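Breakdown of the fold
Letter by letter, the chains look like this.
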Amino acid sequence: MKIILVNYRYFISGGPERYYFNIKEILERNGHVVIPFSVKNSRNFSSDYETYFLDRLDDEVYFAHSNKKSMKVILKSFSRMFYSFEAKRKFRQLLTDTNPDLVYIMQYHNKISPSIIDAAKNLGIPVIHRISDFQYMCPNALFYNGVKGVCEECLNGNRWNCVRNKCVLNSTVYSVIKLGAKMLHDAMHITRKIDAFVVPSSFTLGKLAEYGISRQKLNHIPTFFNLKEGNPQVEYKPFVLFVGRIEKQKGLMSLVKAFQNTDYNLKIIGFSNDGYEDELKAYLNGKRHHIEFLGKMNFEQIVPYLKSCLCTVVPSEWYDNFPNVILESFAYKKAVVATNFGSLPELVRNGETGLTFNYQDVEDFRSKIAYFFAHPTEAKTMGENAFQNVQTCYSPAEHYNRLMKLFNDITGKQK
């Protein structure tokens, strides 16, 4: 099968990109031809198809860091948020030159635009979209804002709440722009043009159904972990590990409070886009703690910490959609302490592959951490359970088989 894989980054910056390159490797290993489509960037991996990629907006990874003073960048960004004829033209050229069986999209919002979906449908090529956030339902894609915390007002109420709450970059202007793009895409019935959706968590699938996408199009196919080591050798040293972006919705304040005034060691690997790391450090200044901020690392640098920690923590306070760090922890035989919220209980089975704690309950969180420090053999047992889990439910073979069944079903319907 010939498959075009779409993502607005052709380099690894987070979970969606790790999935992108992992599934690309698995598909190619099984004899499929995989053709990338993305946006040019200095960080990109090399590709024979780079000439088809969209011109770069600027060279930043995140929109919050982009050059908003350049009129060229502003106009191009505006078109890609709404509807880019440049993207439609270039994607149509790629489709006609390569004649693929289907298009599998990871992320296109904001940097490519849904015009590529029209290009594919005009040529009769089926489109499947893998969901990694809440872009279709929420203008800031998170169901979360800095004032209210978790917020579903745009799903169940007046969509203009996004503007009133300044949900996008805490800005009225950007909130209006993102809401305008969402309203245009809704009016164009973009989700109806997509043949199927791949949804990693049942929780997110339920939200998409609530939004109005047909359940027949929604396919629950969990992410996989592409473990290179058959049986990794690990140890259980007395420290806990957090890996991820350092942002308010990730529950970092609850995390540092849980470790504050204890003798428990915590290592934090990650970076902040908005200065939130500085806020956390300012909070901890002068307080007793054993918390280390280790900065940003690539996955190869993170692995030794995964192999040696007692357990990992995922204290998310938003609807985290199947965070990869949980599967990465499982792959290295580590139990996870996670919020009993959103999709996380689907992954972390309390007392079996980790422990869950009540939402924003620092005392309950601390008690679960204390349990593992007091019972390291239990942490090891649950970590070994988690390893068995990742080898069965979240293996590359399981994911590939389920994904190919969907691909064959969809392409069969088009014939």
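The present account deals with the structure reproduced in this document. (Residues numbered from 1 in each chain as written. Predicted model: local features only at pLDDT ≥ 70, side-chain atom pairs only at ≥ 80, totals over all residues. Heavy atoms only, no water.)

Points about the pattern of salt bridges
- Here the structure, examined in full by the defined rule, presents 26 salt bridges.
- In this structure, Arg29 and Glu25 form a salt bridge, with 2.7 Å as the shortest nitrogen-oxygen distance. Of this pair, Arg29 and Glu25 both sit in helix α1 (residues 15-29), separated by 4 residues, roughly a single helical turn.
- For Glu25, a relative accessible area of 29% puts it in the partly exposed group.
- For the salt bridge of Arg366 with Glu363, the shortest nitrogen-to-oxygen distance reads 2.8 Å. Here Glu363 and Arg366 lie together in helix α15 (residues 362-374), a separation of 3 residues that amounts to about one turn.
- Given the relative accessible area of 53%, Glu363 is considered exposed.
- Among the charged side chains, a salt-bridge network with shared partners connects Lys40, Asp55 and Lys90. (Salt bridge = Lys/Arg side-chain N within 4 Å of Asp/Glu carboxyl O. Helix = DSSP H or I, 4+ residues; strand = E, 2+ residues; numbered from the N terminus. Buried < 20%, exposed > 50% of the residue type's maximum accessible area, 1.4 Å probe, protein only.)

Some words on the packing of helix α13 (residues 324-331) against helix α16 (residues 376-392)
- Their axes nearest at 7 Å, the elements α13 and α16 cross at an angle of 110°. Taken together, the axis directions place α13 and α16 in an arrangement best described as roughly perpendicular. Residues Leu327, Phe330 and Ala331 of α13 form the contact with α16, whose participating residues are Gly383, Ala386, Phe387, Asn389 and Val390.
- Residues of the contact of α13 with α16, tallied by class, amount to 6 nonpolar, 2 polar and no charged. (Axes fitted to C-alpha atoms, helices over the stretch in contact; angles between N-to-C directions. Parallel < 35°, antiparallel > 145°, perpendicular 65-115°, else oblique. Contact = heavy atoms within 4.5 Å. Nonpolar A, V, L, I, M, F, W, Y, C, P; charged D, E, K, R; others polar.)

Some thoughts on the sheet that holds strand β13 (residues 336-339)
- Read across the open sheet, the 6 strands follow the order β11-β10-β9-β12-β13-β14; overall the sheet is parallel. Because the sheet does not close on itself, it has two edges, and the strands there are β11 (291-295) and β14 (354-357). Averaged over neighbouring strand pairs, the angle between their axes works out to 25° when direction is ignored.
- Relative to β11, strand β10 (residues 266-269) runs parallel, the two sharing 4 bridges. Counterpart to Leu266 in the pairing with β11 is Ile291.
- Set on the sheet, helix α10 (residues 252-259) makes contact with β9 (240-243), β10, β11 and β12 (311-314); between it and β10 the angle comes to about 160°. (Pairing = 2+ DSSP bridges.)

What to know about the sheet that holds strand β1 (residues 2-6)
- The strand order across the open sheet formed by 6 strands is β2-β1-β3-β4-β7-β8, and the pairing between neighbours is parallel. Among the strands making up the open sheet, the edge pair consists of β2 (33-37) and β8 (218-220). Going across the sheet, the axis of each strand differs from the next one's by a mean of 25°, ignoring polarity.
- As paired strands, β1 and β2 are joined by 5 bridges and run parallel to one another. Paired with Leu5 across the two strands is Pro36, which belongs to β2.

As for the side chain of Glu152
- Of note, Glu152 is situated in the loop between β6 (149-150) and α5 (153-156).
- Polar side-chain contacts of Glu152 include one of 2.6 Å to the side chain of Tyr319.
- Setting aside its immediate chain neighbours within four residues, Glu152 contacts Phe143, Gly157, Lys207 and Tyr319. (Polar contact = N/O pair within 3.5 Å; in protein donor to acceptor, adjacent residues only side chain to side chain.)

Brief notes about the pairing of strand β4 (residues 127-130)
- Side chains Val127 and His129 project from β4 onto one buried face, and the interleaved Ile128 and Arg130 project onto a second face that is buried too.
- In this sheet, β4 lies alongside strand β3 (residues 102-105) in parallel orientation, the contact comprising 3 bridges. Each residue of the ladder has a partner; that of Val103, found in β4, is Val127.
- Pairing analysis gives 3 bridges linking β4 to strand β7 (residues 196-199), with the strands arranged parallel. Bridge assignment links His129 to a residue of β7, and that residue is Phe197.

Topic: α16
- Taking 1.5 Å of rise per residue, the 17 residues of α16 would be expected to cover 24 Å, and the 25 Å separating its terminal C-alpha atoms lies within 8% of that figure.
- Of all the residues in α16, the buried ones are Ala379, Met382, Gly383, Ala386, Phe387, Asn389 and Val390. Projected down its long axis, α16 carries its buried residues within an arc of 160°, all on one side.
- Buried-residue contacts for α16 involve α13, β14 and α15. (Expected span 1.5 Å × (residues − 1). Arc of directions from axis to C-beta.)

A look at the packing of α10 against α15
- Relative orientation of the contacting elements α10 and α15 amounts to 60°, with a least axis distance of 9 Å. Between α10 and α15, the interaxial angle falls into the category oblique. Crossing handedness for the pair α10 and α15: right-handed. From α10, Ser254, Leu255, Lys257, Ala258 and Phe259 reach across to α15, where they touch Val362, Phe365, Arg366 and Ile369.
- Residue classes in the contact of α10 with α15 are distributed as 6 nonpolar, 1 polar and 2 charged. (Left-handed = near helix turned anticlockwise from the far one by under 90°.)

Thoughts on the pairing of β12
- A two-sided burial pattern is seen for β12, the buried positions comprising Cys311 and Val313 on one face and Thr312 and Val314 on the other.
- Pairing between β9 and β12: 2 bridges, direction parallel. For Leu241, the partnering residue across the bridge sits in β12 and is Thr312.
- The pairing of β12 with β13 spans 3 bridges and is parallel. Bridge pairing links Val314 to Ala338 in β13.
- In this fold, β12 hands off to α13, which returns the chain to β13; that crossover is right-handed. (Right-handed = clockwise from strand over helix to strand, strands pointing away.)

A word on a nonpolar patch on the surface
- Side chains of Trp160, Val176 and Met183 sit close together on the surface and give an oily, nonpolar patch of about 270 Å² of accessible area.
- Considering the arrangement of structural elements, one finds Met183 in helix α7 (residues 172-187). (Patch = residues over 30% accessible without salt bridge, like charges linked within 9 Å, V, L, I, M, F, W, Y side chains within 5 Å. Areas by Shrake-Rupley, 256 points an atom, 1.4 Å probe, with all protein chains shown as cover.)

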